Amino acid sequence: MSKKITGVEIGNYSIKLALCSRGCLLRAQSVPLPDNIVRNGRILAPVAAGERLRALHRSLRGAARDAVLVFPPRLVVSRSVVFPAMTGQEIALNLPYEFRDFLKGPSSEYYYDYIVQSVTRDGSGKPAKMGLFASAVPSKAVAMYFPIFRSAGFQLRAAVPPEAALMNLIRGRTDLPKELAVVDIGHTSTEIYFFHDGSFRAVKRIETGSRAVDEAVADEKNMDVHLARSYKESNTEDVQMLEPCMAAYNNLSVEIMKAINFYVYENHGRTLGDIYCIGGGSDLRPLLECIRRTTGKNLHPACELVPGALPDSSCTPDCVLAAGAAMQAAR
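Please read these numbers as outputs of a predicted model, since none were measured by experiment. (Residues numbered from 1 in each chain as written. Predicted model: local features only at pLDDT ≥ 70, side-chain atom pairs only at ≥ 80, totals over all residues. Heavy atoms only, no water.)

J.: Which residues make up the side chain of histidine 300, and what are the values?
T.: Summarising the element assignment, histidine 300 is placed in strand S15 (residues 298-300). With a relative accessible area of 18%, histidine 300 lands in the buried category. The contact partners of histidine 300, leaving out residues within four places of it in the chain, are Asp274, Ile275, Tyr276 and Cys277. (Helix = DSSP H or I, 4+ residues; strand = E, 2+ residues; numbered from the N terminus. Buried < 20%, exposed > 50% of the residue type's maximum accessible area, 1.4 Å probe, protein only. Contact = heavy atoms within 4.5 Å.)

Written out as structure tokens, the structure is:
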């Protein structure tokens, strides 16, 4: 595989590309998607999605043909599991049994993969147990992406869940806290990922995102929600500071605080003081300030997660997962 890799994330309302090479983010770019092309991670209009992806591929200077995809979180089932020390072949044989109570349909209709997160050794120093982050994804969902990528001029080389993309980034830096949370503020949902010592520990999904702000602006200004989104993004007439918007910020911030408090409680009072905000919604400064005030945590910008991000790389918050998908392959 080429050392230059393009990471791709196809969300419900936008497509993101990140060009990486030898552990550095070179460039990143995103384009919006019309409604109803993607819904809950499932591509409803493959031809239209392929056309948008092809146009973005052409506009991203130097974009590599080899690509790595970030799987939508709703399409992947992921678990942290512990196995006795065993070979890769033995792990492949045993993984399906770890997912049998979590999958819809026969286990043979899924692909499985894993990342070794920890190895426990016995008194003689030999590996005794292995902590794995394992994932299962429907084979039909994987097959759906190949023609889309081919039509856009990409060669799909690999695919990873969001947790693995974030681990690629976190493990690529030596200056991050041992305990941290990554808050991905999307359009219709927010995912909070928890990591300890570079390894994934838990995720919490909140069924609200930046669209709640769009709807608040639309109601207050009596306008279409799409126009309201444009007003929000450009902060036309200072709409980001409207009282209904402040209420939306507060609602999301409280849910984030609850998720963090529950994680700390479940992990025996483990100290978590740092949050890294990514996703399109993390461009809203009033929202970030509300999260900081409500949680009492240190908030960090998205670019601090990306190792080797060059000053002109356009390391925008919504392209972080795409960068993480490509980063490991590009080292």
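Past the structure itself, the notes keep going.
J.: I'd like a description of the packing of aromatic side chains, backed by residues and values.
T.: The tally for this structure, following the rule as stated, stands at 7 aromatic pairs. Centre to centre, the rings of phenylalanine 99 and tyrosine 112 are 5.8 Å apart; their planes meet at 50°, and the pair counts as tilted. Of this pair, phenylalanine 99 sits in the loop between helix H2 (88-98) and strand S8 (110-121) while tyrosine 112 sits in strand S8, placing them 13 residues apart in sequence. For phenylalanine 99, a relative accessible area of 0% translates into the label buried. Aromatic pair phenylalanine 195 and phenylalanine 200: ring centres 5.9 Å apart, planes at 70°, arrangement edge-to-face. A single burial state applies to phenylalanine 195 and to phenylalanine 200, both of which are buried. Counting every residue linked through ring pairs, the aromatic cluster contains Phe71, Tyr145, Phe149 and Phe154. (Phe/Tyr/Trp six-rings, centres within 6.5 Å; stacked < 30°, edge-to-face > 60°.)

J.: Describe the sheet that holds S15, and please don't skip the residues or the numbers.
T.: Read across the sheet, 5 strands follow the order S13-S12-S11-S14-S15 without closing on themselves; strand pairing throughout is mixed. In this open sheet, the two strands that pair with only one neighbour each are strand S13 (199-206) and S15. With strand direction ignored, the average angle separating the axes of adjacent strands in the sheet is 25°. Relative to strand S12 (residues 190-196), helix H4 (residues 162-170) is tilted by about 50°, and along the sheet it contacts strand S11 (179-185), S12, S13 and strand S14 (274-278). (Pairing = 2+ DSSP bridges. Axes fitted to C-alpha atoms, helices over the stretch in contact; angles between N-to-C directions.)

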